[in-house]
Amino acid sequence: QVQLVESGGGLVQAGGSLRLSCAASGRTFSSYAMGWFRQAPGKEREFVAAINWSGGRTYYADSVKGRFTISRDNAKNTVYLQMNSLKPEDTAIYYCAARWSVTSAPSRDLDEYDHWGQGTQVTVSS
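Residues numbered from 1 in each chain as written. Predicted model: local features only at pLDDT ≥ 70, side-chain atom pairs only at ≥ 80, totals over all residues. Heavy atoms only, no water.

Quick word on the pattern of salt bridges
Next up, step 1: This model, assessed by the stated rule, comprises 5 salt bridges.
Next up, step 2: In this structure, Lys 65 engages Asp 62 in a salt bridge whose closest nitrogen and oxygen atoms are separated by 3.3 Å.
Next up, step 3: The residue Arg 67 makes a salt bridge to Asp 90 at a minimum N-O spacing of 2.8 Å. Here Asp 90 lies in the loop between strand 8 (78-83) and strand 9 (92-100) and Arg 67 lies in the loop between strand 6 (58-60) and strand 7 (68-73), a separation of 23 residues in the sequence.
Next up, step 4: Judged by relative accessible area, which is 11%, Arg 67 ranks as buried.
Next up, step 5: Three or more residues are tied together by salt bridges with common partners; here these are Arg 38, Glu 46, Arg 67 and Asp 90. (Salt bridge = Lys/Arg side-chain N within 4 Å of Asp/Glu carboxyl O. Helix = DSSP H or I, 4+ residues; strand = E, 2+ residues; numbered from the N terminus. Buried < 20%, exposed > 50% of the residue type's maximum accessible area, 1.4 Å probe, protein only.)

Concerning the pairing of strand 3 (residues 18-24)
Next up, step 1: Most of strand 3 is tucked away: 5 of the 7 residues are buried.
Next up, step 2: Pairing analysis gives 4 bridges linking strand 1 (residues 4-7) to strand 3, with the strands arranged antiparallel. Within the sheet, the bridge partner assigned to Ser 7 lies in strand 3 and is Ser 21.
Next up, step 3: For strand 3 and strand 8, the ladder comprises 6 bridges, and the chain directions are antiparallel. Residue pairing in the sheet places Ser 21 in a bridge with Tyr 80 of strand 8. (Pairing = 2+ DSSP bridges.)

So this is what it looks like as structure tokens:
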């Protein structure tokens, strides 16, 4: 079982940066692929970024590619999302999620994730 707790959200002006963190409990963190998703008011939850167990493979949504960077520190049981050049349309609740598979491969599909955090609010003002 993995429990996830996000932090680092807040209010930032357009063009600014934030770094989200997701701390995981459990000794098997390195066995999980991790993902970040977001949900804006009135919209469905959408994929943002994902990373495999080692950090050697990453996926990004086209809308954040080149601006956001996902990384992980298995020694600290933590995954990060560095968000630069933020835009008002990035405003959403951001969730981290853990996915176990034999290969610990990342996925863009939220239905393939087994564990979710409670979310952290990111608000970008124009």
